[in-house]
Amino acid sequence: MPLLRLGVSLQPRWPLDDGASVLRAARQAEDLGFDHVAVGNRLLDSGFGLDTDPIVLLAAVAGATTRLRLLTSVLVAPYYPALVLANQAATLDVVSGGRLILGVGTGWNPDEFTAVGVPARERGARTDDHLAAAKALWTRRPADFDGPYTTLHEARLGVPPVTAGGPPVWVGGHSDAALRRVLRFGDGWYGTGADAAEVSDIRRRLHDLAGDTGNADRLTLASAAFLTPPGIPEVVSPPGRPLGGAAPTAASVADDLGRLAEAGLTACTLWLPVAAEHVGKAMEWVADEVAPRLT
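All of these numbers come straight from a predicted model, not from anything done at the bench.

*Asks:* Whenever I open this one, the packing of helix α7 (residues 196–210) against helix α8 (residues 250–263) confuses me. Can you help?
*Replies:* For any two helices packed against each other, one specifies the inter-axial angle together with the distance between the axes. Look at α7 against α8: their axes get within 8 Å of each other, and the N-to-C directions meet at 10°. In terms of axis orientation, α7 runs roughly parallel to α8. Facing α7, whose interface residues are A196, V199, S200 and R203, α8 presents R259, L260 and A263. A class-by-class count of the residues in the contact of α7 with α8 yields four nonpolar, one polar and two charged.

*Asks:* Is there a simple way to think about the nonpolar core in this case?
*Replies:* Considering soluble globular proteins, one finds that nonpolar side chains tend to be buried as a cluster. Membership of the largest hydrophobic core comes to 87 residues, with the highest contact counts inside it found for F34, W138, L206, L257 and L272. Contact partners of L272, with chain neighbours within four places excluded, come to V8, P12, L227, P229, V279, A282 and M283. Grouped together as the second largest cluster of nonpolar side chains are eight residues, A38, L71, I101 and A267 included.

*Asks:* Can you help me understand the side chain of R99 in this one?
*Replies:* Here R99 lies in the loop between α3 (82–95) and β4 (100–105). Look at R99: it is buried, it has no salt bridge, and the nearest opposite charge is E30 at 4.5 Å. One polar contact links R99 to T65, side chain to side chain, over a distance of 2.8 Å. From its side chain, R99 meets the backbone oxygen of S96 in a polar contact 2.8 Å long. If we ignore the near neighbours within four places in the chain, the residues touching R99 are A62, T65, T66, R67, L68, R69, L70 and D93.

*Asks:* Sorry, what's going on with helix α9 (residues 279–290) here?
*Replies:* Because an α-helix packs 3.6 residues into every turn, residues spaced three or four apart end up facing the same way. Between the first and last C-alpha of α9 there are 15 Å, a value that for 12 residues agrees with the 16 Å anticipated at 1.5 Å per step. When we look at burial in α9, the residues that qualify are V279, G280, A282, M283, W285, V286, A287 and V290. Looking at the buried side of α9, the elements it contacts are β1 (5–9), α1 (21–31), α8 and β10 (267–271).

Calculation rules
- Residues numbered from 1 in each chain as written.
- Predicted model: local features only at pLDDT ≥ 70, side-chain atom pairs only at ≥ 80, totals over all residues.
- Heavy atoms only, no water.
- Axes fitted to C-alpha atoms, helices over the stretch in contact; angles between N-to-C directions.
- Helix = DSSP H or I, 4+ residues; strand = E, 2+ residues; numbered from the N terminus.
- Parallel < 35°, antiparallel > 145°, perpendicular 65-115°, else oblique.
- Contact = heavy atoms within 4.5 Å.
- Nonpolar A, V, L, I, M, F, W, Y, C, P; charged D, E, K, R; others polar.
- Core = buried A, V, L, I, M, F, W, Y, C linked by side-chain atoms within 4.5 Å.
- Buried < 20%, exposed > 50% of the residue type's maximum accessible area, 1.4 Å probe, protein only.
- Lys, Arg positive; Asp, Glu negative; His and termini not counted.
- Salt bridge = Lys/Arg side-chain N within 4 Å of Asp/Glu carboxyl O.
- Polar contact = N/O pair within 3.5 Å; in protein donor to acceptor, adjacent residues only side chain to side chain.
- Expected span 1.5 Å × (residues − 1).

Everything listed here is a matter of coordinates, which is why it stays silent on function.
Next comes the structure, spelled out in structure tokens:
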């Protein structure tokens, strides 16, 4: 694949009577040269796909692949106690050989926050607390941490990560608070449906918030993007403008991706609003028709 690293979301509603189908799709993505696969974090039925647990599913994908990077897109940090989040992520980092990218966000769904017993108004503060605690557990043995929601005293994480400093963290969100979180805790920013103008604006805002520290220069800029290849029917409406417009061609999709890369995006996750049985065909179209135009 070209400089703009392309990945695929494993979000379609895979058949429950053939759980291995999603693993076959991940292996196909690896064989076709994709950079990563991504799994979202919904606890209740979203209507957009099969809402699996991202850590569990990506652990299975790790065992079925050898090179593919594994992205949580995104894991809702406040749903998890900080110690559980840190240990699960470190475990997946180890069993995957350092292939995990921990995409995190604050979440938004009021029904899910009520169901897990976490006040939605605390989601930003809890995300900051949990990321700071996880970083402490990944980098120090023993670790001490005293935050508003997490207290650790001489804590030794059960599974130290294989990646020095812990798995890379991509922080989602577009607000100033989210971008400050990227600069404080993240190795990258992760957007949803961002176009080239928005990527340029995020890049500018990160540099403005970082000031003279140079802290923004180290960050990866990544985003999910929506794509329905020609000839493949949609089963849900994409929640944003699709790559290539309403009638995409390989050229128009490559043009949009090229503009994203010129704006500073270095990784793009393709969210395919198609039936599970068409995911393989969609990935093949991208690999055969679009990717060669990006080199």
